[in-house]
Amino acid sequence: MEIPVADSEIDVSVVVPVYGGMAALPELCERVGRTMREAGWRYEIILVDDHGPGNAWPVIVELARMDPQVIGLRLSKNFGQHAATMCGINRARGEWVVTMDDDLEHPPESIPAMVAAGTDGCRLVYGAFGRRTHAAYRNISSDLMRWTLKRAFPDLNENYCSFRAIHSSVARQLSAFSLSKPYIDGMLSWITSGARSVEVSHSVRTHGESAYTLKKLVAHAVNIFVTFSPLPLRMATYGGLGLAGVSFLSIIYFVYGKLSGTISNPGYTSLMSVVLFACGIQLVILGVLGEYVGKLMSAAYKRPGYIVIEEAHPTVSASTPGFAHQSEA
């Protein structure tokens, strides 16, 4: 599905995937609205309910009823942050599309500076955090992930995050990707190299807890590398070559030892160690190949990236039921 052409009556569309942060939504909408009005911009706020903990949809419906700038979209199940964000981007009509989290760790007051940084030809701006307020393990894992991704994807902006300002000409191209599990920053790195960063503050989360557990972070990392990089396959290849080299040197060592008499009995332990090590490497390589085959099967089955089942917007006083649309991107 292609997103609508930018509406000349809307300057900025703010897309917020909602997962567990419904308590912050009234304050978020109020601060976004105040910031947009102070900047003199016409705007819309798109809240995408991704079926997180609690029941955010009634809150979104009420906000849409009270504020004509708020649009609510409810997905049929939890599709993930990037899929929910893509859903909002595909519905955005503004000249600029700003994506941000629902927990107010991304300050809405920084939006004008980010958009202003993109008005001189740069079509993608990230909010860069000088200091993050996450837990220590989140900060360490994020830094390690950034270091690794930067080497796997040289075009990826080093300060990538979910706080972005994307020009509509770039945002429209995102819908061309048919991915059941999209990774927006990887897709953006394929579309444009003209990205820059604006330093913003990272506010303390005051509502709920982060939904990103260590398990989810690892699963997200695996999806990124398998979908957007051949690095795991290369590592498997190099690992196989390394194993072959070690095995060959071991054979030479044992044969030489046997012929020279320095090794009278190589022993069961050394033999089993080599066999088990080789089997372990082979299973890892098969696992990597299996991940890639699984991604290819998902693409072949054309699994939808998300499905919208309800909408709440200014033209209705309550939610509109029924399947609105589905997308592969």
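Before reading further, recall that the structure is shown in the block above.
Residues numbered from 1 in each chain as written. Predicted model: local features only at pLDDT ≥ 70, side-chain atom pairs only at ≥ 80, totals over all residues. Heavy atoms only, no water.

**Description of the pattern of salt bridges**
Two side chains with opposite charge may pair up if their charged atoms get near one another.
Part 1 of the argument: The full count for this structure, using the stated rule, is 11 salt bridges.
Part 2 of the argument: Between Glu109 and Arg34 there is a salt bridge, with the nearest N and O atoms lying 3.7 Å from each other. Within this pair, whereas Glu109 is found in the loop between β4 (96–99) and α4 (111–117), its partner Arg34 is found in helix α1 (residues 25–39), the two being separated by 75 residues in sequence.
Part 3 of the argument: With relative accessibility at 38%, the residue Glu109 sits in the partly exposed group.
Part 4 of the argument: On the accessibility criterion, Arg34 (31% relative accessible area) is partly exposed.
Part 5 of the argument: With its nearest N and O atoms 2.9 Å apart, the salt bridge here joins Glu44 to Arg93. (Salt bridge = Lys/Arg side-chain N within 4 Å of Asp/Glu carboxyl O. Helix = DSSP H or I, 4+ residues; strand = E, 2+ residues; numbered from the N terminus. Buried < 20%, exposed > 50% of the residue type's maximum accessible area, 1.4 Å probe, protein only.)

**A closer look at the nonpolar core**
Part 1 of the argument: Within the largest apolar cluster, 69 residues are counted, with the highest numbers of intra-cluster contacts made by Leu47 and Phe163.
Part 2 of the argument: Apart from the residues within four sequence positions on either side, Leu47 is in contact with Val16, Val18, Leu25, Cys29, Ile60, Leu63, Val70, Ile71, Gly72 and Leu73. (Core = buried A, V, L, I, M, F, W, Y, C linked by side-chain atoms within 4.5 Å. Contact = heavy atoms within 4.5 Å.)

**Things to note about the packing of aromatic side chains**
Part 1 of the argument: Enumeration over the complete set of coordinates arrives at one aromatic pair.
Part 2 of the argument: Note on Phe177 and Trp190: the rings are 5.6 Å apart at their centroids and 40° apart in plane angle, and the pair reads as tilted. Note that Phe177 is positioned in the loop between α6 (168–174) and α7 (184–191) and Trp190 in helix α7, a separation of 13 residues in sequence.
Part 3 of the argument: For Phe177, a relative accessible area of 19% translates into the label buried.
Part 4 of the argument: Relative accessible area serves as the criterion here: at 49%, Trp190 is assigned to the partly exposed category.
Part 5 of the argument: Looking at Lys77, its charged tip hangs above the ring of Phe79, at a distance of 4.6 Å from the centre. (Phe/Tyr/Trp six-rings, centres within 6.5 Å; stacked < 30°, edge-to-face > 60°. Lys NZ or Arg CZ within 6 Å of the ring centre and 35° of its normal.)

**A few points about helix α3 (residues 81–91)**
Part 1 of the argument: Among the 11 residues of α3, nine are classified as buried, and the element is accordingly described as predominantly covered.
Part 2 of the argument: For α3, the set of buried residues is His82, Ala83, Ala84, Thr85, Met86, Cys87, Gly88, Ile89 and Asn90.

**Describing the packing of α1 against helix α2 (residues 57–66)**
Part 1 of the argument: The geometry of α1 relative to α2 is characterised by a closest axis approach of 10 Å and an angle of 30° between their N-to-C directions. In terms of orientation, α1 lies roughly parallel with respect to α2. Note that α1 runs across α2; the crossing there is right-handed. The segment α1 lies against α2, with Leu25, Pro26 and Cys29 engaging Val59, Ile60 and Leu63. (Axes fitted to C-alpha atoms, helices over the stretch in contact; angles between N-to-C directions. Parallel < 35°, antiparallel > 145°, perpendicular 65-115°, else oblique. Left-handed = near helix turned anticlockwise from the far one by under 90°.)

**Quick notes on the pairing of strand β1 (residues 12–18)**
Part 1 of the argument: Across the seven residues that make up β1, a large majority, seven, are buried.
Part 2 of the argument: Neither face of β1 is open: one carries Val12, Val14, Val16 and Val18, the other Ser13, Val15 and Pro17, and all of them are buried.
Part 3 of the argument: One ladder, built from seven bridges, connects β1 with strand β2 (residues 43–49); its direction is parallel. Directly across from Val14, in β2, lies its bridge partner Ile45.
Part 4 of the argument: Sheet topology places β1 next to β4; four bridges connect them, and they run parallel. The residue of β4 that forms the bridge with Val12 is Trp96. (Pairing = 2+ DSSP bridges.)

**Describing the pairing of β2**
Part 1 of the argument: Most of β2 is tucked away: seven of the seven residues are buried.
Part 2 of the argument: The two faces of β2 match: Tyr43, Ile45, Leu47 and Asp49 on one face and Glu44, Ile46 and Val48 on the other face are all buried.
Part 3 of the argument: Viewed along the sheet, the connection from β1 through α1 into β2 turns out right-handed.
Part 4 of the argument: Of the pairings in the sheet, the one linking β2 to strand β3 (residues 70–75) comprises five bridges and is parallel in character. Its bridge partner lying in β3, Ile46 is registered against Ile71.
Part 5 of the argument: This β-α-β element, β2 to α2 to β3, shows right-handed connectivity. (Right-handed = clockwise from strand over helix to strand, strands pointing away.)

**Brief notes about unusual backbone geometry**
Part 1 of the argument: At His51, a residue that is not glycine, the phi angle is positive and equals roughly 55°.
Part 2 of the argument: In this fold, His51 is placed in the loop between β2 and α2.
Part 3 of the argument: The exposure class assigned to His51 is partly exposed, which follows from its relative accessible area of 30%.
Part 4 of the argument: Phi is positive for Leu104, close to 65°, though the residue is something other than glycine.
Part 5 of the argument: If you trace the backbone, Leu104 turns up in the loop between β4 and α4.
Part 6 of the argument: Using a relative accessible area of 4% as the deciding quantity, one classes Leu104 as buried.

As far as function goes, none of this settles anything; it's purely spatial.
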